[in-house]
Amino acid sequence: MTTTPPFLRQVAADLLARFADDLKDVAVVFTNKRPIVFLRKHLADLSGKPIWSPSFFTIQEFIRQSATLPEASSLTQFFILHRLHNALLREEGRPEETPDEFYPLAETILSDFAQLDYDLVEPQAVYAELRDIALLQQRFPHLSADQQRFMRQFWESFSVGKQTAIQQKFLQLWGRLPKLYQRFKEELVQQKLTTTADIYRALAENYADNPNFISIYKQVAFVGFNALNRCEINLFTQWQEERKALFYFDADSYYLDDNLQEAGLFLRKNVIQYGLHNALGGFPATLSSRADDIELIAASGNIAQAKWLSTLLADRPADRDTPTRTAIILADESLLVPVLQSLPDGIDFNVTMGYPLSQSTLFGYLDGWLGIQQQLAVNRGQFVHHLDVETILTHPLSGISAEERDALQGNITANEWLEVPIAELSLKSGSYPAFFMPRSGNKAVLDALHALLDGVLAHRKGARSLRHIEAVLILAVKKALNLLQEGLVHYPELSMSFLCALIRKALQSISAPIEGEPLKGVQIMGLLESRCLDFDEVYIIGANEGKLPNITVAPTFIPDSIRRAHGLPVLENQDALSAYLFYRLLHHPKRITVVYNSVVDDRNSGEVSRFIRQLAFESRFKFQRRIQQQPVKTISPPPSLSLPKTGAVWDKLSRYLDDADPDRLKLSASALTTYLQSPLLFFLKYVAGIKEPPKITEEFEMNRLGRVVHQAMQDTYEQLKAENDAITAHRIQAKIKMLPQICLEALSKELYRETGRIRTPNSMQRILLKVAEEYARVFLQYDATHVAPLHIVELENERDYSIEFPITVQGEVRTVKLYGIIDRVDEVNGKTRIVDYKTGRDEVKYNGLDTLFAPASAKSNKAMIQTLFYTYVYEQVTGKRGVEPNLYIARRLRKEGPLFYMSGRGKYVAEGEELERIKTQFVEFLRHTLEELFNPDIPFQHNPDAIWYPNDPYREFIGQPLAPEEDL
């Protein structure tokens with residue numbers, strides 16, 4: 001096991017030995033801020049007395065001392081670049097580009113410009129507009145054979161006369177970029193602004209404002225550097241020659257001395273190629289001698305990695321006050337929030353990455369407001385989608401009172417608004433009552449966002465629920481909005497979609513530091529933040545191939561072959577940097593745990609990082625592999641719920657049997673088929689009186705479609721009957737042409753109980769109306785072709801047919817009052833018909849009487865039972881016999897007709913004696929079913945063979961899974 005001191009402790013000891021009391025005149029430069037705190041602690045521990053601290057900087061802060069001009073923000077750079085690019089387009093006679101069209105290009109162009117500056121590459125050389133490969137040697141004699149080969153590979157893909165439209169567009173942009181680069185730099189100078197990359201280049205090329213700033217320090221120590229750009233290489237070698245610079249490289253000879261090890265790629269260049277000296281002397285050979293265990297855990301899912309962490313930490317010693325004790329390294333930084341939520345209680349921690357705004361409730365609230373403003377811009381401030389309204393009403397930062405929220409939700413449900421009119425969204429309570437007010441123009445939008453943030457801050461403070469991190473995030477957002485407002489001075493009228501996209505872009509990079517003692521507890525950080533730091537325990541989370549190393553490549557307009565020709569960074573550089581960060585984590589810890597997601601999906605290969613496989617193959621580390629098994633609990637089916645018919649349950653049932661009760665309950669055909677489907681469902685609906693909750697849905701609801709079709713058919717035949725009692729085929733055909741208006745009025749009655757309320761149907765209503773028109777057309781066309789002339793006897797709601805039906809209950813004859821509302825009774829050629837309209841998947845066929853008159857199952861026929869019920873009640877009330885039941889099933893009427901038939905080799909239509917036999921058997925089946933229903937000794941239980949609709953709300957009570965047929 002290694003006894004080598006932590007890297008920063010070695011640096012502290014060397015600095016004290018070299019400079020002692022002169023340490024105050026030394027500058028110490030890191031790649032990032034995090035190691036500064038640790039080095040200070042080591043200096044204090046080793047000195048044993050009060051000392052003057054050296055000056056600490058990040059490399060950007062240190063180099064920035066050479067410049068006097070302020071840096072332009074990224075938004076300022078974008079707006080400058082956009083104006084200059086449009087000026088070039090005008091010179092070329094091409095149409096200008098709007099900000100939203102140019103923004104994706106601008107990000108890539110600015111990134112490329114910065115890279116050119118960092119690596120001291122001339123834009124004219126990179127963006128050379130070659131048309132002849134023969135010019136290559138003539139124009140670039142300084143390039144090596146390999147560099148010329150890379151250039152040739154690129155330009156040969158642009159053969160003269162064979163360019164595609166995309167290639168031509170690329171070449172046009174390519175030829176424009178050198179001028180754009182030059183003008184961009186000139187415009188920054190004119191506005192007395194600069195960029196970080198420009199500061200680097202100016203210092204490296206000796207035109208900086210303050211090139212000798214380093215002279216104020218006795219010595220500058222550069223600690224933990226690895227990959228250097230060309231500016232840094234030139235400056236570092238120059239300062240080393242001037243004896244102003246010391247370099248402390250954190251490396252191990254295991255990967256430094258092996259040319260095949262990508263982890264040592266940059267350090268070999270620094271030491272061998274550029275001649276930078278390591279102030280600590282030779283490099284240790286720690287990794288080659290280590291034979292420690294590495295715990296490798298395959299987790300069953302992405303979030304499961306974080307959840308498993310709580311188990312790992314709970315088993316470790318509790319002494320974590322030492323800052324170098326334990327570190328959680330997030331190879332996948334998106335796991336930060338799950339990791340924070342998974343830490344065991346009582347553990348102190350410090351997060352160097354910061355809490356991202358994009359994962360906070362504040363961002364969700366702001367994003368919701370931006371999305372609603374985009375909606376309002378499209379629909380001219382008329383309405384907001386009901387789901388967006390619901391989201392804001394229930395958002396924890398909205399602060400809307402429960403009374404106002406319930407009232408508004410009730411209003412939306414009652415009116416079934418898919419799109420809620422803006423006039424209904426004037427709030428009186430909450431953190432920002434003007435939330436749904438439309439805004440237009442850059443200033444109005446940004447001012448409204450400031451007002452929204454102020455409202456949230458005031459409301460949370462007033463409710464004493466404001467958290468420190470929320471306040472920090474609100475402040476950071478307001479700063480970002482102020483910078484954006486400054487940049488938008490020259491763009492008063494951006495489109496709402498682009499403005500919102502720009503605001504989101506500005507907000508997504510915001511993070512807030514999480515409170516914690518930096519020198520105490522578990523340290524949580526990304527790979528980059530771990531540079532220079534050593535720990536006793538290291539947990540690497542998210543160590544999947546694709547995350548370690550990260551395979552995403554930053555967009556660029558400089559192709560790979562051109563980048564190689566000019567020595568610009570390529571993908572291998574990124575891999576080498578990740579490899580170094582990973583290997584240096586192994587220098588010191590006594591315990592190493594690596595966790596990865598082993599589940600294969602569209603975003604994850606399920607493979608552990610190749611660095612782990614490489615380490616297992618070549619090193620002496622021993623891997624202890626574990627597979628995290630998610631606890632699988634077999635859920636046994638719930639015990640069949642059995643409700644006895646006693647007490648209040650029997651009291652309710654008795655009201656169906658008590659003929660002296662003025663409010664006596666009546667049993668409908670729907671209630672009967674509900675009992676056949678499931679006795680327990682009958683209890684829920686008709687005994688317990690549990691109603692379906694009101695809701696708004698964007699899905700196509702078949703029950704609503706059915707009611708609209710029924711209403712349309714009733715209205716049609718009411719009109720025909722009122723005009724003339726004899727209804728002919730010609731008159732029916734004339735009504736078919738009027739179906740669009742008839743169905744629209746039917747929908748208005750269905751929703752609002754009156755006609756004329758719907759003037760402009762919404763998108764879902766238009767679909768429903770089209771289907772309703774087609775179904776009604778099928779019914780009317782059948783009547784016109786196969787039935788007319790006909791005479792209407794009764795229509796729905798004209799008469800409530802009801803009878804007393806005798807049954808035996810506990811040895812005593814009682815009666816149940818049956819009633820039915822019949823869609824239509826007509827007479828055709830002297831025959832009375834019961835017509836029942838169906839718009840679902842019902843059928844007119846039956847497999848046999850044994851299955852027809854059986855508890856509901858896949859082979860039973862609910863529609864036929866209901867129609868036989870209506871026929872029986874009608875015959876008993878009117879005294880007529882031979883009444884013919886007809887099922888008008890929209891999907892089957894054309895092919896199968898309306899009459900019952902038994903399936904088999906042929907089509908056996910149920911009419912005459914066969915129909916009368918079915919009617920007789922139905923009465924016996926009805927009596928048996930009702931005597932079972934009102935038998936106090938038979939409890940209400942669920943029928944396991946029942947077929948359920950996927951969206952049936954009563955499934956939640958019964959816990960019934962989808963039948964296999966419903967999954968198809």
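Whatever comes next refers back to the structure up there.
Residues numbered from 1 in each chain as written. Predicted model: local features only at pLDDT ≥ 70, side-chain atom pairs only at ≥ 80, totals over all residues. Heavy atoms only, no water.

**A look at the overall build of the chain**
Okay, step 1: Tallying secondary structure elements over the chain gives 37 helices and 27 strands in all.
Okay, step 2: Looking at the chain as a whole, 52% of its 968 residues qualify as buried.
Okay, step 3: For the chain, restricting intrachain contacts to residue pairs at least 6 apart in sequence, the fraction spanning at least 24 positions comes to 77%.
Okay, step 4: By element, 51% of the accessible surface of the chain is carried by carbon and sulfur atoms, the whole surface being about 45500 Å². (Helix = DSSP H or I, 4+ residues; strand = E, 2+ residues; numbered from the N terminus. Buried < 20%, exposed > 50% of the residue type's maximum accessible area, 1.4 Å probe, protein only. Contact = heavy atoms within 4.5 Å. Areas by Shrake-Rupley, 256 points an atom, 1.4 Å probe, with all protein chains shown as cover.)

**A short note on the packing of aromatic side chains**
Okay, step 1: Evaluation of the coordinates by the stated rule reveals 43 aromatic pairs.
Okay, step 2: Ring geometry for F779 versus Y888: centroids 6.0 Å apart, planes at 45 degrees, classification tilted. Separated by 109 residues along the polypeptide, F779 in helix α31 (residues 763–787) and Y888 in strand β24 (residues 884–889) bring together distant segments of the chain.
Okay, step 3: Classification of Y888 as buried rests on a relative accessible area of 0%.
Okay, step 4: Clustering of aromatic rings is evident, with ring pairs tying together F57, F62, F213, Y217, F222, F225, F236, W239, F247 and F249.
Okay, step 5: The lysine or arginine in question, K645, covers the ring of F940, its NZ or CZ lying 4.8 Å from the ring centre.
Okay, step 6: The ring of Y819 carries the charged tip of K666 above its face, separated from the ring centre by 4.8 Å. (Phe/Tyr/Trp six-rings, centres within 6.5 Å; stacked < 30°, edge-to-face > 60°. Lys NZ or Arg CZ within 6 Å of the ring centre and 35° of its normal.)

**A word on helix α5 (residues 99–118)**
Okay, step 1: For α5, which comprises 20 residues, the first-to-last C-alpha distance of 27 Å matches the rise-based estimate of 28 Å (1.5 Å per residue) to within 8%.
Okay, step 2: Looking at α5, one finds that the buried residues are P99, F102, Y103, A106, T108, I109, L110, D112, F113, L116 and D117.
Okay, step 3: Where α5 ends, the next residue or the one after it, L120, has phi of about 55 degrees, a positive value. (Expected span 1.5 Å × (residues − 1).)

**Notes on helix α27 (residues 679–687)**
Okay, step 1: Counting buried positions along α27 yields seven of nine residues, so the element is predominantly enclosed.
Okay, step 2: Within the sequence span of α27, burial applies to P679, L680, L681, F682, F683, L684 and V687.
Okay, step 3: G689, located one to two residues past α27, shows a positive phi value of around 70 degrees.

**Section: the pairing of strand β2 (residues 55–58)**
Both faces of the sheet carry side chains from a regular strand, because those side chains alternate between them.
Okay, step 1: Across four bridges, strand β1 (residues 26–30) lies against β2 in parallel orientation. The partner of F30 across the bridge, within β2, is T58.
Okay, step 2: Viewed along the sheet, the connection from β1 through helix α2 (residues 34–47) into β2 turns out right-handed. (Pairing = 2+ DSSP bridges. Right-handed = clockwise from strand over helix to strand, strands pointing away.)

**Digging into the sheet that holds β2**
Okay, step 1: The sheet built from four strands is open, its strands ordered β2-β1-β3-β4 with parallel pairing. The open sheet is flanked by β2 and β4 (245–248), the only strands paired with a single partner. Across this sheet, the average inter-strand angle for adjacent strands is 20 degrees, counted without regard to direction.
Okay, step 2: Running at roughly 150 degrees to β4, helix α1 (residues 7–19) makes contact with β1, β3 (219–223) and β4 of the sheet.
Okay, step 3: Across the sheet, α2 is in contact with β1 and β2; its angle to β2 comes to roughly 155 degrees. (Axes fitted to C-alpha atoms, helices over the stretch in contact; angles between N-to-C directions.)

**Details of the sheet that holds strand β14 (residues 591–597)**
Okay, step 1: Reading across the sheet, the seven strands line up as β7-β12-β6-β13-β14-β5-β15 and stay open at both edges, with parallel pairing between neighbours. Only two strands of the sheet have a single partner each, and these edge strands are β7 (349–351) and β15 (622–627). Between one strand axis and the next, the sheet turns through 20 degrees on average, direction left out of account.
Okay, step 2: Of the pairings in the sheet, the one linking strand β13 (residues 537–541) to β14 comprises five bridges and is parallel in character. Counted as the bridge partner of Y539 is T593 from β14.
Okay, step 3: Strands in contact with helix α14 (residues 302–314) are β5 (293–299), β6 (326–330), β13, β14 and β15; relative to β14, the strand with the most contacts, it is inclined by about 155 degrees.

**Structural notes on the nonpolar core**
Okay, step 1: If you look at the biggest cluster of nonpolar residues, it comprises 107 residues, and the most contacted ones within it are F113, I328, F435, I503 and I524.
Okay, step 2: With nine residues, helix α9 (residues 165–190) is the largest single contributor of residues to this core.
Okay, step 3: Apart from residues lying up to four places away in sequence, I503 is in contact with L370, V445, L446, L449, L481 and L484.
Okay, step 4: Grouped together as the second largest cluster of nonpolar side chains are 88 residues, F19, Y200, L287 and V538 included. (Core = buried A, V, L, I, M, F, W, Y, C linked by side-chain atoms within 4.5 Å.)

**Considerations on empty space enclosed by the protein**
Okay, step 1: Considering all chains together, one arrives at two cavities of 30 Å³ or more under this definition.
Okay, step 2: Estimates place the volume of the second largest cavity at around 30 Å³.
Okay, step 3: As for the second largest cavity, its lining consists of E794, L795, E796, R799, Y801, I822 and V825.
Okay, step 4: For the lining of the second largest cavity, a count of residues per class yields four nonpolar, no polar and three charged. (1 Å grid on protein atoms, 1.4 Å probe; cavity = no way out; pocket = protein on both sides within 12 Å on 5 of 7 lines; lining within 4 Å. Points joined across faces, edges and corners; volume = space filled by probe spheres on them. Nonpolar A, V, L, I, M, F, W, Y, C, P; charged D, E, K, R; others polar.)

**So, the side chain of T867**
Okay, step 1: Relative to the assigned elements, T867 resides in helix α33 (residues 862–878).
Okay, step 2: In this structure T867 comes out as buried when scored by relative accessible area, which is 0%.
Okay, step 3: For T867, the residues in contact, after removing those within four places along its chain, are D836, P885, N886, L887 and F900.

**Focus: the pattern of salt bridges**
Okay, step 1: By the definition in use, this model includes 51 salt bridges.
Okay, step 2: For the salt bridge of R626 with E295, the shortest nitrogen-to-oxygen distance reads 2.3 Å. Highlighted residues: R626 in strand β15 and E295 in strand β5, separated in sequence by 331 residues.
Okay, step 3: One connected set of salt bridges, linked through shared partners, spans D117, E122, K185, D198, R201 and E205. (Salt bridge = Lys/Arg side-chain N within 4 Å of Asp/Glu carboxyl O.)

**Some remarks on the environment of Y254**
Okay, step 1: Relative to the elements of secondary structure, Y254 occurs in helix α12 (residues 253–256).
Okay, step 2: Taking the C-alpha atoms as reference points, Y254 and L287, 33 residues apart in sequence, are found 5.9 Å from one another.
Okay, step 3: Other than its neighbours up to four places away in sequence, Y254 contacts Q261, L287, S288, Y583, L615, E618 and S619.
Okay, step 4: One polar contact links Y254 to E618, side chain to side chain, over a distance of 3.1 Å. (Polar contact = N/O pair within 3.5 Å; in protein donor to acceptor, adjacent residues only side chain to side chain.)

**Section: the pairing of strand β21 (residues 824–828)**
Okay, step 1: Within β21, four of the five residues are buried, which leaves the element mostly enclosed by the surrounding structure.
Okay, step 2: Both β21 and strand β22 (residues 831–838) contribute to a ladder of five bridges, which runs antiparallel. In the strand pairing of β22, D826 is matched with R833.
Okay, step 3: The hairpin formed by β21 and β22 contains two residues between the paired strands, and N829 there has a positive phi angle of roughly 55 degrees.

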